[in-house]
Amino acid sequence: MNEDLHTLSGAYALHALPEHDVVFFEDHMARCESCAVEVRGLSETAARLGVAAAEAPPAALRARVMARIAEVRQEPPLLDRTVEEPLPKGRRTGDRRTDVPPSGEHDAEGRRAGPPPGDVVPLRARPPWRRRVAIGLVAAASAAAVAMGAIAVDAVRDRDELRQAVTVIAASDAKTVRYPVSSGGVCTMVLSPSQGRMVVTTRGLPPLPDSRVYEVWLMGPDGARPAGLLEQAEGDVTTPLLTTPLRGDQRVGLTVEPAGGSDRPTTTPIMVADLPSV
Amino acid sequence: MRTEREPAGAPVPGEEPGLEELLSQVALGHEQAFDRVYDLLAGPVFGLARRVVRDRAQAEEVAQEVLVEVWRTASRYDRTRGSALSWVMTMAHRRSVDRVRSAQASTAREERVSRMSGEVPYDEVSETVTTRLEGERVRRCLGGLTDLQRQAVTLAYYGGYSYPEVAGLLRVPLGTVKTRMRDGLVRLRDCMGVER
């Protein structure tokens, strides 16, 4: 394991890591079982520090909370019922995704209540442990690809880009992953190793003011690098974005950035997803 | 035995069998179960928010948000990934820290940190922590840390400071702070007998 990264476990459990470090530490933790175990123990320890600060809450708080829950719909479980086998631990991503504030509101917790693993839908040559997952979802994946093709026709102004996007989506080795975005909506990624490209599109993301833009990141051992900005297309979808993942890239991130984009993420990611596995 | 394991005056809901079960009932929409969860967790959640954000009204807001979030997302609690207590307290701490950090423009905060360098504000923090801690066990375990470990852990956890800020406050290198946070927490973990 990477000793330097590993020493961040204490600061991580204390929520003392700056946002960028959180992304990279979680990226590391997703692949480092001993780190994840250590963080769990340290988080439990930090929780005791919290309990030690217990203080009687104002009596009015109970009434307010109870009144509020009467009006708040509960979230359904995040487990994907079509996934009959748990993903191997090493394939799990960090839980950070739900830990992200939906537009303005600060997140729930996320670290422990991880969202489901993405709908990993390899279209071909899937490893055995994924086969049952794939069987359940392959139809959905095809539908997604078709839908994306339709979106591309509507949304892509540049014919050449459209052609390339369709080539990626139609490639025989294309793999599709769909991920929930914490601020709302879904991100769909289609990666074709033979084409060396990945198409990223979204549906249902909250509209942003003109001063802000959705930016996609590719995250590898050297950190996060800009992969492009998502443009609002017609309706609630964004124009398919062609990206070029490099060997070693592990994850795809999505953040809200100032108009024009940033060189490095400046806000909490609203999605961090594993790259469709090659 | 059990009383020795529990901080005086502060319930340790995670050790009462049932918080996990209660949450699974809450996930099914049982308001009575949530009422019980509230009994167990409102004090710790509110107290932690108070400790971090200080302002009572804001701490109440944070506590309310967290407790409603427990109701809303109970179905997403996964007991294989840690205790229910840890799930909720992590959420409470995260929200408290977010509240503190978003309240300050980052530049203002940096200025404040550099201004505070050398002024030993941590004495005040850690003393407050140690004298006000209701948990005997936690206090004893904190007492078993080196000064630097204790300051690093308490400034981050109760003060809501990031580790670069803590390094600035304590005037020690970043790497040292990272390491002290980790080995300090490890020592606390072992002292408190937290299951791994």
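Residues numbered from 1 in each chain as written. Chains lettered and ligands numbered in written order. Predicted model: local features only at pLDDT ≥ 70, side-chain atom pairs only at ≥ 80, totals over all residues. Heavy atoms only, no water.

Tell me about the overall build of chain A, residues and numbers included.
Within chain A, the regular secondary structure consists of seven helices and nine strands. When each of the 278 residues of chain A is scored for burial, the buried share is 54%. Put simply, 59% of the contacts in chain A that link residues at least 6 apart link residues at least 24 apart. Carbon and sulfur atoms form 55% of the exposed surface of chain A, whose accessible area is close to 11800 Å². (Helix = DSSP H or I, 4+ residues; strand = E, 2+ residues; numbered from the N terminus. Buried < 20%, exposed > 50% of the residue type's maximum accessible area, 1.4 Å probe, protein only. Contact = heavy atoms within 4.5 Å. Areas by Shrake-Rupley, 256 points an atom, 1.4 Å probe, with all protein chains shown as cover.)

Describe the state of the cysteines, naming the residues involved and giving the relevant values.
Under the counting rule described, the total for this entry stands at two disulfides over all chains. Each sulfur of the disulfide joining C32 of chain A and C35 of chain A lies 2.1 Å from the other. One disulfide, between C32 of chain A and C35 of chain A, carries an S-S torsion of 70 degrees and so falls in the right-handed class. A relative accessible area of 0% places C35 of chain A in the buried class. The disulfide that involves C141 of chain B links it to C191 of chain B, with 2.0 Å between the sulfurs. In this structure, the disulfide formed by C141 of chain B and C191 of chain B twists by about -80 degrees around the S-S bond and is classed as left-handed. Within this pair, whereas C141 of chain B is found in helix α8 (residues 136–143), its partner C191 of chain B is found in helix α11 (residues 174–192), the two being separated by 50 residues in sequence. (Disulfide = S-S within 2.5 Å.)

Talk me through the sheet that holds strand β9 (residues 271–274) of chain A; I want residue IDs and the actual numbers.
Residue and element names in this part refer to chain A. Reading across the sheet, the four strands line up as β6-β5-β8-β9 and stay open at both edges, with antiparallel pairing between neighbours. Two strands close off the open sheet at either side, each with one partner strand: β6 (223–230) and β9. Neighbour-to-neighbour, the strand axes of this sheet turn through a mean angle of 30 degrees, independent of strand direction. Across four bridges, the pairing between strand β8 (residues 251–258) and β9 is antiparallel. By the bridge assignment, L254 is partnered in β9 with M271. (Pairing = 2+ DSSP bridges. Axes fitted to C-alpha atoms, helices over the stretch in contact; angles between N-to-C directions.)

Summarise the packing of helix α3 (residues 19–29) of chain A against helix α4 (residues 33–51) of chain A; cite the residues concerned and give the values.
All names here are of chain A. Contact geometry of α3 with α4 gives a least axis separation of 7 Å together with a crossing angle of 120 degrees. Compared by their axis directions, α3 and α4 come out oblique. Of the residues in α4, those touching α3 at F25, H28 and M29 are C35, A36 and V39. (Parallel < 35°, antiparallel > 145°, perpendicular 65-115°, else oblique.)

Kindly report on the interface of chain B and chain A, identifying the contributing residues and their values.
Contact with chain B, which involves 74 residues of that partner, is made by 64 residues of chain A. Taken together, both faces of the contact between chain B and chain A bury some 6500 Å²; the carbon and sulfur share is 59%. Taken together, the links from chain B to chain A amount to eight salt bridges. For R62 of chain A, the salt bridge identified is with D35 of chain B, shortest N-O distance 3.2 Å. Taken together, the links from chain B to chain A amount to 27 residue pairs in polar contact (both at pLDDT 80 or more). (Buried area = accessible area lost by both parts, 1.4 Å probe. Salt bridge = Lys/Arg side-chain N within 4 Å of Asp/Glu carboxyl O. Polar contact = N/O pair within 3.5 Å; in protein donor to acceptor, adjacent residues only side chain to side chain.)

An account of the pairing of β6 of chain A is requested, with residue identities and associated values reported.
Residues and elements named next belong to chain A. By the bridge criterion, seven bridges tie strand β5 (residues 212–220) to β6 in an arrangement that is antiparallel. Its bridge partner lying in β6, L218 is registered against R225. The hairpin turn running from β5 into β6, its antiparallel successor, is two residues long.

Go over the confidence of the model for chain B, please, and point to the residues and values.
Residue and element names in this part refer to chain B. Summing up the model confidence of chain B, the mean pLDDT is 80 and the portion of residues at 70 or higher is 74%. Taken element by element, the predicted model of chain B shows its lowest mean pLDDT in helix α7 (residues 121–132) (39) and its highest in helix α9 (residues 147–157) (96). The model gives residues 1–17 a pLDDT under 50, and that stretch makes 32 contacts with residues more than four places away or in other chains. Counting contacts from residues 114–134, a segment whose pLDDT is below 50, to residues more than four positions away or on other chains yields 39 contacts. In the predicted assembly, ipTM is 0.80 and pTM is 0.55. (pLDDT = per-residue confidence, 0-100.)

So what's going on with the pattern of salt bridges? Residues and values would help.
A full pass over the atoms with the stated rule returns 24 salt bridges over all chains. Here D147 of chain B and R150 of chain B are joined by a salt bridge, their closest N and O atoms 2.7 Å apart. One end of the pair is D147 of chain B and the other is R150 of chain B, both in helix α9 and three residues apart, which spans about a single turn. On the accessibility criterion, R150 of chain B (19% relative accessible area) is buried. Because the salt bridges share partners, they merge into one network encompassing E75 of chain A together with E61, E65, E69, R72, R76, R95 and R99 of chain B.

Which residues make up the side chain of K178 of chain B, and what values go with them?
Examined against the element boundaries, K178 of chain B turns out to sit in helix α11. Once residues within four sequence positions are removed from consideration, K178 of chain B is found in contact with D4, T7 and L8 of chain A together with Y163 of chain B.

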